Amino acid sequence: MDTLAIALLGFFAAAYFVLAGSDIGTGMLAPYLGRSDRERRLVIASFAPFFLGNEVWLVATAGLLIGCFPDLEGELLSGQFPVVVALLAGWIVRDMGLWMRGRVGGGPGQGGDVRSGPGPDGSGGGRGWRLVCDTAVTGGSWVLALSWGWLLAGLFSGSPDTPASGPVAVLTALAVAGLFAVHGLGFAVLRLTGDPYARARVLVGRAARPWHSFALTAALMAALPLLAGLGLPLTESAGTSVDVLVPALLVVTPLLVVVQAWMWRTFRGRVTRPSYL
Amino acid sequence: MNPETLDLARLQFALTAGGHFLFVALTLGLATVVACLQTAATASGKPLYARMVRFWGQLYVINYAVGIVTGLVMEFQFGLSWSGLTHHAGDVFGSSLALETVIAFFVESTFLGLWIFGWHRFNKWVHLALIWGVTLTAYASAYWILVANGFLNNPVGHREENGRLVLDNTVEVFTNPSALLAFGHVMGGALLTAGFFMAGVSAYHLFKRSAEWEFFGKSLRIGVFLSLPALFVTATFGGLQFVGMQPMKEAVFSAKAAEIAKLQADMVERFGPGDYVPSEALTRTAGILMLLAFALMMYLCIAGAVLAAFRKVVFRFRLWHVVLMAAVPLPYLAMISGWVFREAGRQPWVVYGLLKTEDAVSQVSPGSMRISLIVFTSLFALLAALNFWLIVRHARRGPVETDLGLDEREASNPADALPAARY
């Protein structure tokens, strides 16, 4: 049972890094990929239908951690206190930028450019509002990715209950954030069209097929949490609740995967127009 | 345990949990209303209902987004600030949180994404099933959270092993009366919040003599007629909770000094020296405020149900419109004071009779805790303000310019940006 619980934890964590990593990475590069208000809205539309379904993998990972390894969860989170606070703050800022971007000014589905006349309450096109939201998305994505790097540096260093410090930690954080960005770039190549696509394609290179870059970074992203998990005392800290939770999780997890696969299939087409966000 | 860290951690938990709770109240209630409206729209094919789904759905989604991000902090806060709780009681308490995230919230979020972004991609019945999936998993979510909270208030189904609590009887934990009664109470409260919200927003438009009189007349009626039964459900489950209430909470609420002294003496004998009386001012004020808000809402609901039966009154009684607008905060007041009553009234315990709050707080320096308090409360305050502003803005705008459910395929033509009254 303990082994199964660890395997489930690894599965959920790896899925988060691969799936959410792609939308976080794309968010980090949004100002490069999308130069105008409308282009940035297209960049966001490339992951808009997925980001909610992506981030729940982390919520579930944290739920598994508190349910199956409660003691470790407490030690890890309280030990990494400043890192987790930064991670959550980045996550909140980024999500609010995403959710609120399209809610002020401009016309729906128009990227704000086509119909920029004043709203019924004379609010104008909301260009400034969207710039603030874009900044929140990009800044939040960077903070989130760097915090992950900082957290992973702590887990790799072998002392998971103290925040990592020193040059190695800084380099790890930057390297992880870089991996997030490249992963997002690979995702953008698969999802975008037009100029934003061309900009992503230039960086990825034309030699390989479009999905090669994404497949490589996906494997690396999945490896990150698994490697980090090797250093955690998981077997020793499994709680008695494992016997109740693991069977339930084994039943539910395939259904979750099916629902997610349905979501990815539904919105598989490349993005050519803005979406709700 | 550093007393300053404890106070800061408690303040952070109170502000973040309280904030999250208020967003969730409207989310849970509005989801139900939107799902019912969409059922009517799908079955009848009437454009009016389809437009109502999009208008109220838009307000629901704005509010939901803030609810999610505040919920993220909640989930991580147990490990961050209360590692003593996860250490001591995590086996029991953590399992319902785990089930909440995997069984309920995971599905809820994925379905919500499909519902928002898949508006014109699915068959209308599939799209309807999605919003019902969102609504039902939202209730499941609330249930699991209240199982966790119910355990803290009334710990059952556990045994002690090596100084830690472990699961003994899962069924007992999942059917804890403290959880089930609170679930009924909160569910009713959420519907009540949504009812008052709908009635208030609709009253604003009718007061302004909006051209959308049919739309808002119907919405006002739905709000008013939903509020009355929701209030009785809330009150019934609330009343039932007084029966098995922690004796100290009841004594403090009723201001029985002799009883308080006796219970304090009993507790000292059982658990050793200490102060076992919760803050009397906080507990009593919160309890009284909740009951006052209830009484006020009861009069409004009963009068409202009578008034809403008359067509002319719905459209023309402007004083009533003003009252309905002013009454929107009442369910929020009742919700938050009820929550303070429940949670402050069980102090000094985090797990009643088993673990004191002061023994649950993480070994974190006051400085770190203060920074986290400042970060999260300023973010939450900003979110609450933005949420309020966006909701008021979209509510005032009316159903004319709703982005939710816009047919993206035709959006390049500005004429089609007007509400597509169809599915």
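Rules behind the numbers
Residues numbered from 1 in each chain as written. Chains lettered and ligands numbered in written order. Predicted model: local features only at pLDDT ≥ 70, side-chain atom pairs only at ≥ 80, totals over all residues. Heavy atoms only, no water. Phe/Tyr/Trp six-rings, centres within 6.5 Å; stacked < 30°, edge-to-face > 60°. Buried < 20%, exposed > 50% of the residue type's maximum accessible area, 1.4 Å probe, protein only. Lys NZ or Arg CZ within 6 Å of the ring centre and 35° of its normal. 1 Å grid on protein atoms, 1.4 Å probe; cavity = no way out; pocket = protein on both sides within 12 Å on 5 of 7 lines; lining within 4 Å. Points joined across faces, edges and corners; volume = space filled by probe spheres on them. Helix = DSSP H or I, 4+ residues; strand = E, 2+ residues; numbered from the N terminus. Nonpolar A, V, L, I, M, F, W, Y, C, P; charged D, E, K, R; others polar. Domains from an automatic or database assignment. Contact = heavy atoms within 4.5 Å. Buried area = accessible area lost by both parts, 1.4 Å probe. Salt bridge = Lys/Arg side-chain N within 4 Å of Asp/Glu carboxyl O. UniProt positions renumbered as here; feature names shortened; annotations may be inferred.

**Describing the packing of aromatic side chains**
Working step 1: This model, assessed by the stated rule, comprises 42 aromatic pairs over all chains.
Working step 2: Measuring from ring centre to ring centre gives 6.1 Å for Phe271 of chain B and Tyr276 of chain B, while their planes differ by 40°; the resulting arrangement is tilted.
Working step 3: Classification of Phe271 of chain B by relative accessible area gives partly exposed; the value is 27%.
Working step 4: Overall, the relative accessible area of 0% leaves Tyr276 of chain B in the buried class.
Working step 5: Pairwise contacts between aromatic rings join Phe50, Phe187, Phe214, Trp264 and Phe267 of chain A into one cluster.
Working step 6: The cationic tip of Arg103 of chain A hangs over the ring face of Tyr276 of chain A; the distance from NZ or CZ to the ring centre is 3.8 Å.
Working step 7: In this arrangement the basic side chain of Lys249 of chain B is found over the ring face of Phe341 of chain B, its NZ or CZ atom lying 5.8 Å from the centre.

**Observations regarding empty space enclosed by the protein**
All names here are of chain B.
Working step 1: Evaluated as defined, the whole model comprises 7 cavities of 30 Å³ or more.
Working step 2: Residue lining of the largest cavity: Phe196, Ala199, Val224, Ser227, Leu300, Cys301, Gly304, Trp320, Val323 and Leu324, and that is the complete set.
Working step 3: Of all the secondary-structure elements, those providing two or more residues to the lining of the largest cavity are helix H6 (177–207), helix H7 (213–243), helix H10 (280–307) and helix H12 (318–326).
Working step 4: Per-class residue counts for the lining of the largest cavity are 8 nonpolar, 2 polar and no charged.
Working step 5: In this model, the second largest cavity occupies a volume close to 50 Å³.

**A word on the domain arrangement of chain B**
All names here are of chain B.
Working step 1: Parsing chain B into structural domains produces domain 1 (3–241 + 282–417) and domain 2 (247–277).
Working step 2: For domain 1 and domain 2, the distance between their C-alpha centroids amounts to 33 Å.
Working step 3: Contact with domain 1, which involves 16 residues of that partner, is made by 11 residues of domain 2.
Working step 4: Overall, the association of domain 1 and domain 2 removes approximately 1,000 Å² of surface from exposure, summing both partners, and the carbon and sulfur fraction of that is 67%.

**Digging into the pattern of salt bridges**
Working step 1: Considering all chains together, one arrives at 16 salt bridges over all chains under this definition.
Working step 2: We note a salt bridge from Asp134 of chain A to Arg101 of chain A, for which the minimum N-O separation is 2.6 Å. In this pair, Asp134 of chain A is assigned in helix H7 (residues 127–156) and Arg101 of chain A in helix H6 (residues 81–101), connecting sequence segments 33 residues apart.
Working step 3: With a closest N to O distance of 2.8 Å, Arg159 of chain B and Asp168 of chain B form a salt bridge.
Working step 4: Take Arg159 of chain B: its relative accessible area is 35%, and that puts it in the partly exposed class.
Working step 5: The class for Asp168 of chain B is partly exposed, based on a relative accessible area of 47%.

**Re the UniProt feature "transmembrane region" (unreviewed entry) in chain A**
Residue and element names in this part refer to chain A.
Working step 1: Under the local residue numbering, the UniProt record ascribes the feature "transmembrane region" (unreviewed entry) to residues 6–30, 42–64, 76–93, 136–156, 168–190, 211–232 and 244–264.
Working step 2: As a span, residues 136–156 carries 100% helix and 0% strand, and end to end its C-alpha atoms are 29 Å apart.
Working step 3: Summarising residues 244–264: 100% helix, 0% strand, and an end-to-end C-alpha distance of 31 Å.

**Overview of the interface of chain B and chain A**
Working step 1: Chain B puts 74 residues into the contact, and the matching count from chain A is 68 residues.
Working step 2: A buried area of about 6,200 Å², summed over both sides, lies between chain B and chain A, and 77% of it is on carbon and sulfur atoms.
Working step 3: The largest per-residue losses of area from chain B upon contact with chain A belong to Phe76, Phe106 and Phe117 of chain B, which jointly make up 12% of the total buried on that side.
Working step 4: Counting across the chain B and chain A interface gives 1 salt bridge.
Working step 5: Residues Asp71 of chain A and Arg164 of chain B are paired through a salt bridge, measuring 3.7 Å at the closest nitrogen-oxygen approach.
Working step 6: Residue assignment for the side of chain B that touches chain A shows that the elements contributing at least two residues are helix H2 (47–81), helix H3 (83–117), helix H4 (124–153), strand S2 (164–167) and helix H14 (366–397) of chain B.
Working step 7: Here the side of chain B that touches chain A gets 24 residues from one element, more than from any other, and that element is H3 of chain B.

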